[in-house]
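Coordinate inspection notes
If you want the building blocks of each chain, they are given just below.
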Amino acid sequence: MSGLDRFMRLVRYLKPYRLRLVAAFVCSALVAVFSGAYAWLVKPVLDEIFINKNEGLLLALPLALFIVSVLKSAFNYGQNYLMNYVGNQVITDIRQELFGKMIRLPVGYHDANTSGRLVSRVVNDVTLMANAVAGVLKDIFQQGLTFLAMLGVIFYQNWQLAGLSIVVIPLAVVTTVRMGKRLRALAASGQERMGDMASTLQETLAGIRMVKAYGREEAEAQRFKDSNRAFLNTTMKAIQVSSLGSSHMEVIGVVGVAAIVWYGGYLVINGAMTPGSFFSFLTAMFMAYTPIRRLSGSNNTIQQALAAAERVFGVIDLKTEQEIERGSLVLPPIGQSVAYQDVTFHYESQSVPALNGIDLTIRAGEMVAIVGSSGSGKTTLVNLLPRFYEPTAGHILIDGIDIQSYTLASLRAQIGIVSQDVVLFDDSVRANIAFGRRDATDEQIEQAARQAYAHDFIERLPQSYRTVVGEKGVKLSGGERQRLAIARAILRDPPLLILDEATSALDTESERVVQLALTNLMQNRTTVVIAHRLSTIQRADRIVVLSRGRIVEVGTHEELLRHGGHYQRLHAMQFQDVSQ
Ligand SMILES: Nc1ncnc2c1ncn2[C@@H]1O[C@H](COP(=O)(O)OP(=O)(O)OP(=O)(O)O)[C@@H](O)[C@H]1O
């Protein structure tokens, strides 16, 4: 996308606010007119009052200056407020669109982009665009028009002198354009650095306990220092370029003024121009300098904003899961089966497929346990069901129809997931349980909590169901967090359940309660469990053993033990201690 395309695209966001924009434009035009009047008034003030000593105008002219200045201020306020209103509205819209987009992008996108980078996109890139849209919009209109008004006065007072000063302008333009290019590149790399910094920050703060436990404070501070420095370096380079540019402009300006004083002085001395005209001219020149400087400053801001816009639009233009999905059928509760047919899945970043030729039929109401060593593909296998990823080859059918034919929303509505890393939000216990069903009543929530063996501990919390659990539920114990997650799944009541059993050991009592809660949750559902516990595995109708992405054995616990293959070996290794 070229700079112009991006700019035009930003302009399109202005459409809903066009009335306010027109009003702002009118205010800007009036500000410019009154600025011109100001410069123009210098001539009569000087010539009539100071040179001709015209007493009749002694009161009228200062009064005129006063009125012009009041009107100019009033319209300046109007345009300032309106432009900022429009600019900030546009940015709020873009930020909302960007966030809405991000949360709908496929899981694969989030795997490839650290959350720090994404946060930086929403916070920093959009802010850069905000500066441009709100600030520059104002400058372009007001300063642009003021510049034109000044140009009018300059030419009106003396066109030859004006011609001379105009020679300076191309010099200024060349400097501005060259500087802009360099600044844009620097802004892009600055934003990348900022993203890296945000990633480091977020990772470290999220893992603060580990950082402390392993005494990594120094090392993390050092790691942060590196990205912090890298950011400083790009920032300083940008500052260098833009300061050099400003000095350049300053020198060009002084050359212009010197030339004007020399030629203008010559005209006045020879009587070709009145002193009033000359000073009115000079005032207009000086007043035109601010718009030029502001506009060239705006150019820098615009370049930064366009670089930011490129990244922001890059995300907005990605296809969301919903846009990629082809399905239109609405999935009813599962009646017969879920079937994997020759399913292969390959993560883009990996050299070997994570799943290879999987054939597996899970009957409705069945409980299937998936076991296998670490990295064998268990999580990947279940992640294909809610279509977090799409199979590279093969199909997954529910009741004989490919899940790609169903809408994502209806498919996911049928699936409940309880994973080992419980995701809780910094909200009340109630809101965390009602996460998948915002419309649930207090009675329903309490019932789900009871079934999940969570009601008693919730009642003991300081504010019961209204207690806020802290970021990621830090104010709860591991077992309590899991029971909240189970209550959440019970409330959602999905026919198909994916359970990723926690590997982290809970104490025996806590483990027993979580198991009871799980038993309640699994009742009358089709369940796929990534199983680590002996108790779960023994209760399973069938056990599927994965190894390096392939199904190597399927059967009940007893059958597989008797068979004496992979499972028997896994079992011997993993469950020795437990069974003793
Ligand atoms: N998001 C990802 N991007 C790239 N490769 C991945 C991704 N997730 C998993 N893998 C790779 O795919 C393979 C299967 O991983 P998967 O998480 O499915 O195994 P698992 O059996 O669930 O392991 P564990 O029991 O340790 O959780 C592994 O080799 C892993 O490195």
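Residues numbered from 1 in each chain as written. Predicted model: local features only at pLDDT ≥ 70, side-chain atom pairs only at ≥ 80, totals over all residues. Heavy atoms only, no water.

Quoted straight from UniProt, the Subcellular location (unreviewed entry) entry for the protein chain says "Cell membrane". (UniProt positions renumbered as here; feature names shortened; annotations may be inferred.)

**Topic: the overall build of the protein chain**
Regarding its fold elements, the protein chain presents 21 helices and ten strands. Judged by the C-alpha coordinates and their principal axes, the protein chain covers about 120 × 50 × 50 Å. Here the protein chain, with 580 residues, has 46% of them falling under the buried criterion. Contacts in the protein chain between residues far apart in sequence, at least 24 positions, make up 77% of those at least 6 positions apart. (Helix = DSSP H or I, 4+ residues; strand = E, 2+ residues; numbered from the N terminus. Buried < 20%, exposed > 50% of the residue type's maximum accessible area, 1.4 Å probe, protein only. Contact = heavy atoms within 4.5 Å.)

**Points about the confidence of the model for the protein chain**
For the protein chain, the mean per-residue pLDDT works out to 84, and 96% of the residues sit at or above 70. Among the prediction metrics, the complex's ipTM stands at 0.94, with pTM recorded as 0.73. (pLDDT = per-residue confidence, 0-100.)

**A closer look at the UniProt feature "transmembrane region" (unreviewed entry) in the protein chain**
UniProt records the feature "transmembrane region" (unreviewed entry) at residues 21-41, 56-75, 162-180 and 251-269, using the numbering of this structure. The distance separating the terminal C-alpha atoms of residues 21-41 is 30 Å; by composition the span is 100% helix and 0% strand.

**Here's the deal with the environment of G3**
Inspection of the secondary structure assignment puts G3 in helix 1 (residues 3-12). The sequence separation of G3 and A517 amounts to 514 residues, and the corresponding C-alpha distance is 58 Å. Ignoring sequence-local partners within four residues, the contact set of G3 consists of R184 and L306.

**Quick word on the site of the ligand**
Taken together, 14 residues sit near the ligand, with S374, G375, K378, T379 and T380 positioned nearest. Contacts to the ligand include Q350, whose side-chain N or O atom sits 2.9 Å from a nitrogen atom. The separation between an oxygen atom of the ligand and a polar side-chain atom of S374 is 2.6 Å. Contact with the protein chains removes 65% of the 630 Å² of surface that the ligand exposes when unbound. In terms of residue count, the dominant contributor to the shell around the ligand is helix 12 (residues 378-383) (three residues). The residue makeup of the shell around the ligand, split by class, is three nonpolar, nine polar and two charged. (Near = heavy atom within 4 Å. Polar contact = N/O pair within 3.5 Å; in protein donor to acceptor, adjacent residues only side chain to side chain. Areas by Shrake-Rupley, 256 points an atom, 1.4 Å probe, with all protein chains shown as cover. Nonpolar A, V, L, I, M, F, W, Y, C, P; charged D, E, K, R; others polar.)

**As for the sheet that holds strand 10 (residues 550-555)**
Read across the sheet, six strands follow the order 6-7-8-3-9-10 without closing on themselves; strand pairing throughout is mixed. A single partner strand is all that each edge strand has here, and the edge strands are strand 6 (415-418) and strand 10. In this sheet, adjacent strand axes meet at a mean angle of 20° when their direction is disregarded. Both strand 7 (residues 496-500) and strand 8 (residues 526-530) contribute to a ladder of five bridges, which runs parallel. In the sheet register, L497 faces strand 8, and the bridge partner there is T527. (Pairing = 2+ DSSP bridges. Axes fitted to C-alpha atoms, helices over the stretch in contact; angles between N-to-C directions.)

**With respect to the pairing of strand 4 (residues 393-398)**
Inspection of the sheet shows strand 1 (residues 337-345) paired to strand 4 by five bridges, in the antiparallel sense. Along strand 4, the bridge assignment pairs A339 with L397. One ladder, built from two bridges, connects strand 4 with strand 5 (residues 401-402); its direction is antiparallel. Within strand 5, the residue paired with L397 across the bridge is D402. Connecting strand 4 to the next strand, strand 5, in antiparallel fashion are two residues, including D399 with a positive phi near 50°.

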